[in-house]
Every structure is written in C-alpha cells, then in structure tokens.
Amino acid sequence: MNFFEVFKNESKLIFTDIAIVLTIIGGVILYSFLYPQPYAKEAVNKLPVSVVDLDKSDLSRDIIFKLNATPQMSVYRVDNSEDDAKSALLKGDVKAIIIIPNDFKKDLALHKSPTIAIGADSSYFLIFGGVLEGAMKSILTTAASIKVANLLKNQMPMSKAKEAYTPYSLNVINLFNEQNSYTQYVVPAVFVLILQQTMLIGLGILGGGINERQKRGEHGYFNTAPIWMMILSRVIIFGGIFFIHMLFYFGFSFDMFGITHLASIGNLLTFGIPFLLASAFLGIFIGSLFVGREIATPAILFSSLPLVFSAGFVWPSEAIPGYIKSIAILFPSTSAIQGFLKLNQMGAEFDLVLSEYKTLWIEVFCYALLAYFKFLKSRDCYLPQTR
Amino acid sequence: MFKALSGAFLDELLSIKKSFYKLSLITILPLLCFGLIIGIFYGGVLRNIPVIAVDNDKSKFSEKLLFNIQSSPTIDIKYRLNSLKKASDILKQGSAYGIIVVPKNFMRDTLMQKQPKVTVMLNTQYILIGKMLTSAFMGSVMQSAAEVEYVKNLTTLQNPHATLNSVAPIKLQVTPFFNTYQNYFLFLVSAILPAIWQIFIVVATIVSFGLLFKSGKEYEFFSGGFIEMKIIGKLLPYTFAYLLIGILFLYYIYGVLGWAFQGSFTLVFFAMFLSVVAYQGVALLFFVTGFDYARSLSLGAVYTAPAFAFLGVTFPIYNMNGFALLWRDLLPISHYMEIQISQANYGLDGFLEMDKLLLIVCFWLVFIPVFYMFKRRVVR
C-alpha cells in the first residue's frame, strides 16, 4: 500500500464522519464567535451605585456629580437613608453604596477629616474592583483639591500649591492591554486552548472509531497500512486544517474583536508549528488509547476547565501547586498559551519564548514516539497473524 | 406504568454497576475535576506577586519607599535592576508582573516640594494580577507619601491631630459586602464547580441513551409502551447521582471549608434538582436530533463548554451585549448560579427567587418534543 492510498483512506474516514467534521470545522468556527461574546462590550464600566447623601450640601452634590462622571460607575440613585440603599442592593438594582456622612461639609471646614464609606458587592470580583477604583480616584481627587485650597489659604501661590499638596505622586502605566480589556485578557488564551481541544477531539473520535472496528474484527487499510504512513496522513490533514484555523483565529477573529497582535507573522508561525504538531501527535496518541469513538468528546471536554485555569493567565502560575503544573505542562496548550501571549499580546522577542518553544518540540517528539509504539502494540494484539 | 418506570430505573442501576465508564461519570471523574480546580485555587489569596524595582535615586527616601512597598503582602520586590530594558525583558518573559521606577533626584525633588513622579509599569495583560498590583502600589506609595507629608507638616503645625487632617482631609472607609475575605477561592471555585457539574450531567445523559441506541437494543427496551416512563426511569439514577454530587460540593465549600452561607440550603438543593432535570432534558433534545451518539456529544460540548464565561461571575452581566445575554438565558446553570449566589451571600427571601426557579422549570418543556421524537423513533 503506498502513501497516497493510505492518505486517501484516512481522508475519506475523516471527512465522512459527521461528528469529526462538526467538531473540527463547525465547532472551531462557532466557538470563535461564541466565546468572545460575553466580553464583546469590553471593559467593565458604568456599574450602578447608590449614594446615600446624609449631608445634602453643595459639596456632597459635587462629589456625587464627580462620582457619576467616572467611567466605572453611574449614580443610579441617591438615597436618604442607608436602609433604602441596602434594599436596592439586595434587589440587585445597585452593586455598591457610597455614604456621605452627616455634617460632611461642616466637619471638613473644621478640619475634622470626615469619613466617606464605600461598600461594594464583592461576590463579583470585577464589580468590586471597578467601583473601588472609580470611587477612590474620584474622592481622592476631591481631597487633593481641598488640600490645594488649604495651601492657597495659607498664602502659597497656586503654581506651588499644585505641586506641594503631596510630596510625590504615583503614575501607573498599564503595559500591554492598556484598556484593561477583558477580551484581550481571556480570548487570546482561550483561542489557543480551543484549537488544541477541537483537534484532540477530532483525532480522538477517529482513533477511537478505528480501535472499535479493529476490536470487532473488521478488516481495513488500518490493519495493513504502514504505521508511519497513517500517522503522517493524520498529521498532514489535521495539521493543515488547523493551520488554516490558526490563521483564521489570529488574523480574522483577532481583528474582528479588536485584539492586539504585536508578533510578526514569521514569529507567530514559527511558534505555532510545534504547537500544532504537538497537539496532532498527542491527539493521535490518545486516539489510539480510546476504545470507542464516543470517548474523546467527554474526555477532552472534562479537561477543558482545569486546563484553562492552570494555564497561568487567569490565576498566576506562581500560585498554582506544583503537582497541578506538572500535569498541565503535559498539554501543549499550557506552553503555547504562555508563548503566544508573550509574543502576540506583550510584543516579546522570540528569544524570550525559547523555553516554551523547546518544551513544545520535546512534546512533538515524545508524543510522536508514543503514538508510533501504541500503534505497533495494538496491531500486535488485534492481528497476531500479521507478525 | 409504575412498573415501566421502576423497571427502567433498576435496569439502569444495574448497567451502571456493570459499566465502569458510566460509574466513573457519576463518581471519580467529576470528583477528580473538582479536585483539580480546588487544588489550583486552594491558596485563595494572591500574595507576593514578583515585581522589579529600578531605583535611579538610591537615597534614604527611595529606600524607605521601596521598603514600604515590599511590606505590602501583595508585592514582592524580587529583582533590583539598574536598566529598564532588562526589567522590561523580565516582565515580558513572565517572571515578574510589574516594574517600579524611582526617578533620579527623587529625594532632592521631594524635599524641594517639586513633586517627583514615581512610575509603576504593570503587566495588565493579566487583568486580575494587574488590578491587585494597581491597588497595592497605590496603597503603599500613598502611604509613604502621607508619612513624608506628615513629618513635614508636623514641624510647621506642631499638632498631631491637625497634621493628620492636613494630610488626609477626607478619610475613606472601604467595606466589601458578602465575600468579605476578598478570597478568590470562594469567588471562582463556587462558580467553576457548577459549570463543570452541568457538563457532566449532559454527557452522562447522552452516554446513557447513546449506549442503548448504539447497542441496537432500543426497540427491545421501549417495547411494551410507557415510553415516557421508561425515559424517566432511565434518567432517574443520574438525577439522584448529580443532585448528590451537587449537594456534596456545596457541603464542601460552605460546610467543610466553612464559608458563610446566609440563605436556605433547601432552596438551593431544590434549584439544583430543577437544573439537573433541565439539563437532562436539553441533553436528550440534542440526542433526538438524529439519535446519533457521537454527534449529540458534539452538540452537548458546544452547549456546555463555554457556559462558565456566561455566568456573569467573572465578567458582569451589566456589560454583556444582547446576544451574550440571550445565550446566557438559554443555559439553566446561569439561573441556578444566581440563586446560589443570592442565597449564599444575601440570604434573599425564597419568594424573590421564584422567577429564577420558574425560568429553570421552563427548560422542562423540552421533554415534550423529546418524548414525541422518541415515540416516532422507537414505535415500529
């Protein structure tokens, strides 16, 4: 049997299997639209808050006005009592309460440092962080302008007072993902995982299906074709399809959702190739372990959430226990996510991702060998007569 | 009629006992996934995030500032470098998440009231870390600045109380409601576990029916009528199993780990029960599209895999677009999750949860087309 025949047989098996086609073509395209949807409106902003204004002075109204002007929140209601605000919070109308105390203006004039209380729902992390950031910035600005005014009262010239209200200031610069966009945070990483998982499922259904037929005693090209030809055919077919998917994801989809791409195409492809190869060989290997064509989808599906959260972008890898990291590193996606994020989102030069790059190539060779020997072994057990 | 139901129920129990695969779907596999997630987030609080300090002043003031920053539990100054270029490479390599740059003449400018700028550059690609570092840096730099100002003002004002006021004319008091520990474990794990749970319910349902149809014994199984009862009987072992697993993870989070739970467990268990059945119905709806085992699993995967993102726990629903909100509504787990959160955190009155419970019950309607399609398929 020559290579061309084997390739033809493999292609036929792959493209006539609806479950495989649905996963590696339909699924991949569908996911590329579906996954970014929750974050499509970008940064967290204009969260509804309630301000309890117990002072009712021009100054408190000014604070409310400034709070409303921050991008993070909108003052959804102004309440007269804490109880009203609290019930609005429990109903879910507002996510935070800001309380301006009684005699706020008076205490300020008497230099008694009145306290503004901020309470926010911390069951939703981004909500809490967003409200806190907006409120703190807005109120600290007010505090700074009061300090400047006090300095002016003490005969300090304006130009000087503007600098003297604090000994030094802090300038925070967001490198990469400057807008704190959630899409930029989640989508580039999850896309890498989707590519790997759909490839694994496709190859898993294929491999499991062949195992099932062999077990039933069916005869086919898969019993006689040279093993390297079968493996190579799968690598070419799946590698080719997912190479196009990768271009589609990193090109079209990234553009569509406005995701930064800082890496050069050359670097992206150089890094992408061992990722695709490692995923393909891993898929061929685990496919050869599955005893039926229906095992792959659940098995890969179950691994998805643990893999997302151990990849080190949601939760930093410093905080993940070593035994979980050493399981996660076995999957190409873990190194690939790190590498792609560095290259494409942070604009790192290629030598900064060399360790991930090497890991991926090691995985390519290990999984290729494992796949080959597993094929050899299953041939022994199903077809002793061919030896 | 009851015999058909109990017969199918016992049959399924027997087949679970015989099939290691079916058994593991309701035992070790979900528990293993839960265990991994719990393991990942077990620390719960982020501490000692590595950052780089580039001190261009090397004075008493800059030392004090960096000392104050280092004493923040969130930040760990792991590297001290002289070159910004080297620092930025380390940042891109992922070995540190932020750079703090103290400018030249920092001490001199501070003393001359020229307000020098301390610059912090953060890797905000990782939003969560970025946000934690932003507030930690803001806190410790402002604290240091206030200390310097306090000492300076004290010399002129000679009155500690007035000095304090001159440094901070308005005080801020921040109170996190509900998850008062600001702990990620509670925040993420209590939502990820239900998201995994729903994947298992859908898969196990399809596996149970898929294996029946694949073995070609569906006519035999459904012979003698009472098709609805037999379907229900076949589903019931899994309904119980997943309800039990659901109760187990709630018990682990709120019982074993002891996180505060304000509301009614009964209500949450009831919502869990409604959700399990809802997901079983939806899973069968995928199955009846062609009674094809592998293909319905693919549909189930598309439906359940992205659910976590739509829950609104990480990214608030206030900022989701119309399509995302629609898709979210089509997932029973998002309604369940609202109940779990509001019961755990707010202890909301059960009556106010009615609308969400009703929404979950709406999914039960899928059994109408499911029963119909089964009858068409298995009645000869």
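Residues numbered from 1 in each chain as written. Chains lettered and ligands numbered in written order. Predicted model: local features only at pLDDT ≥ 70, side-chain atom pairs only at ≥ 80, totals over all residues.

**Here we look at the overall build of chain B**
No. 1: The helix and strand inventory of chain B stands at 18 helices and five strands.
No. 2: Against the compact-globule benchmark of 21 Å for 380 residues, chain B has a radius of gyration of 29 Å, which places it well outside the compact range.
No. 3: In terms of its C-alpha atoms, chain B occupies a principal-axis envelope of roughly 95 × 45 × 40 Å.
No. 4: Partitioning the intrachain contacts of chain B with sequence separation of at least 6 by distance along the chain shows that 77% fall at a separation of at least 24. (Helix = DSSP H or I, 4+ residues; strand = E, 2+ residues; numbered from the N terminus. Rg over C-alpha atoms; globule rule 2.2 N^0.38 Å. Contact = placed C-beta atoms within 7 Å.)

**Section: the overall build of chain A**
No. 1: In terms of helices and strands, chain A carries 15 helices and five strands.
No. 2: Scaling as 2.2 N^0.38, a compact globule of 387 residues should have a C-alpha radius of gyration of about 21 Å, whereas chain A reaches 29 Å, well beyond that.
No. 3: Across the 387 residues of chain A, 50% fall into the buried class.
No. 4: Within chain A, counting contacts between residues at least 6 apart in sequence, those at least 24 apart form 77% of the total. (Buried ≥ 20, exposed ≤ 12 C-beta atoms within 10 Å, placed from the backbone.)

**Things to note about the sheet that holds strand β5 (residues 171-177) of chain B**
No. 1: An order of β2(A)-β1(A)-β3(A)-β4(A)-β5(B) is seen for the five strands of this open sheet, with the pairing classed as mixed. The open sheet has two edge strands with one neighbour each: β2 (73-79) of chain A together with β5 of chain B. The sheet shows a mean angle of 20° between the axes of neighbouring strands, taken without regard to direction.
No. 2: Summarising the sheet, strand β1 (residues 47-53) of chain A and β2 of chain A pair through six bridges and their orientation is parallel. The residue bridging V52 of chain A from the neighbouring strand is D79 of chain A, located in β2 of chain A. (Pairing = 2+ DSSP bridges. Axes fitted to C-alpha atoms, helices over the stretch in contact; angles between N-to-C directions.)

**Things to note about the nonpolar core**
No. 1: Membership of the largest hydrophobic core comes to 237 residues, with the highest contact counts inside it found for F281 of chain A together with I37 of chain B.
No. 2: Ranked by residue count, the leading element in this core is helix α9 (residues 184-214) of chain B, at 22 residues. (Core = buried A, V, L, I, M, F, W, Y, C linked by C-beta atoms within 7 Å.)

**What to know about the domain arrangement of chain B**
No. 1: What the domain assignment lists for chain B is domain 1 (2-42 + 181-378) and domain 2 (49-167).
No. 2: A C-alpha centroid distance of 49 Å is found between domain 1 of chain B and domain 2 of chain B. (Domains from an automatic or database assignment.)

**Focus on the packing of helix α12 (residues 265-288) of chain B against helix α16 (residues 332-346) of chain B**
All names here are of chain B.
No. 1: For the pair α12 and α16, interaxial distance at closest approach is 10 Å and the crossing angle is 175°. Judged by the angle between their axes, α12 and α16 are roughly antiparallel. Taken together, the residues of α16 that come into contact with α12 (itself represented by L267, V268, A271, M272, S275, A278 and Y279) are P332, I333, Y336, I339, Q340 and Q343.
No. 2: When the residues that make up the contact of α12 with α16 are grouped by side-chain class, the tally is ten nonpolar, three polar and no charged. (Parallel < 35°, antiparallel > 145°, perpendicular 65-115°, else oblique. Nonpolar A, V, L, I, M, F, W, Y, C, P; charged D, E, K, R; others polar.)

**Let's talk about the confidence of the model for chain B**
No. 1: With 98% of its residues at a pLDDT of 70 or more, chain B has an overall mean of 90.
No. 2: Predicted complex, confidence summary: ipTM 0.89, pTM 0.89. (pLDDT = per-residue confidence, 0-100.)

**Re the interface of chain B and chain A**
No. 1: Taken together, the contact pairs 94 residues of chain B with 91 residues of chain A.
No. 2: Among the elements that take part in the side of chain B that touches chain A, helix α7 (residues 127-157) of chain B stands out by supplying twelve residues, more than any other.
No. 3: Bridge count between strand β4 (residues 115-121) of chain A and β5 of chain B: seven bridges; the pairing is parallel. Each bridged residue has a counterpart across the sheet, and for A117 of chain A the counterpart in β5 of chain B is Q173 of chain B.

**Some words on the sheet that holds strand β5 (residues 169-175) of chain A**
No. 1: Strands sit in the order β5(A)-β4(B)-β3(B)-β1(B)-β2(B) across an open sheet of five strands; the sheet is mixed. Bordering the open sheet on either side are β5 of chain A together with β2 (75-81) of chain B, each of which pairs with just one other strand. Recorded for the sheet is a direction-independent mean angle of 25° between the axes of neighbouring strands.
No. 2: Strands in contact with helix α4 (residues 60-70) of chain B are β1 (49-55), β2 and β3 (98-102) of chain B; relative to β2 of chain B, the strand with the most contacts, it is inclined by about 140°.

**A closer look at the pairing of β3 of chain B**
Residue and element names in this part refer to chain B.
No. 1: β3 sits mainly inside the fold: four of its five residues count as buried.
No. 2: Two strands pair when backbone bridges link them, and β1 and β3 are joined in this way by four bridges, in the parallel orientation. Counterpart to A53 in the pairing with β3 is I100.
No. 3: Sheet topology places β3 next to strand β4 (residues 117-123); four bridges connect them, and they run antiparallel. Paired with I100 across the bridge in β4 is V120.

**Looking at α16 of chain B**
No. 1: Taking 1.5 Å per residue, 15 residues should reach 21 Å; α16 of chain B reaches 21 Å between its end C-alpha atoms and fits that length.
No. 2: One or two residues past the end of α16 of chain B sits G347 of chain B, with phi positive at roughly 60°. (Expected span 1.5 Å × (residues − 1).)

**Considerations on the domain arrangement of chain A**
No. 1: Considered domain by domain, chain A is made up of domain 1 (3-39 + 181-386) and domain 2 (47-164).
No. 2: For domain 1 of chain A and domain 2 of chain A, the distance between their C-alpha centres works out to 51 Å.

**Looking at the packing of α9 of chain B against α12 of chain B**
Residues and elements named next belong to chain B.
No. 1: Put simply, α9 and α12 touch, their axes get as near as 9 Å, and they point 50° apart. In terms of orientation, α9 lies oblique with respect to α12. As α9 packs across α12, the resulting crossing turns out to be right-handed. Across the interface between the two elements, Q198, I201, V202, T205, I206, F209 and G210 of α9 pack against V276, Y279, Q280, V282, A283, L284, F286 and F287 of α12. (Left-handed = near helix turned anticlockwise from the far one by under 90°.)

**Looking at α7 of chain B**
No. 1: With 31 residues, α7 of chain B extends 43 Å from end C-alpha to end C-alpha; this agrees with the ideal 45 Å at 1.5 Å per step.
No. 2: Looking one or two residues past α7 of chain B, Q158 of chain B carries a phi angle of roughly 60°, positive in sign.

**Considerations on the environment of D55 of chain A**
Residue and element names in this part refer to chain A.
No. 1: Within the secondary structure, D55 sits in the loop between β1 and α3 (58-69).
No. 2: On the neighbour-count criterion, D55 (21 C-beta atoms within 10 Å) is buried.
No. 3: Along the chain, D55 and I100 lie 45 residues apart, while their C-alpha atoms are 6.5 Å from each other.

**Looking at the environment of M320 of chain B**
No. 1: Looking at the secondary structure, you find M320 of chain B in the loop between α14 (307-310) and α15 (322-329).
No. 2: With 21 C-beta atoms counted inside 10 Å, the residue M320 of chain B sits in the buried group.
No. 3: Sequence spacing of M320 of chain B and Y252 of chain B is 68 residues, and the spatial spacing of their C-alpha atoms is 31 Å.
No. 4: The contacts of M320 of chain B, once residues within four sequence positions are left out, are P38 and K41 of chain A together with L325 and R328 of chain B.

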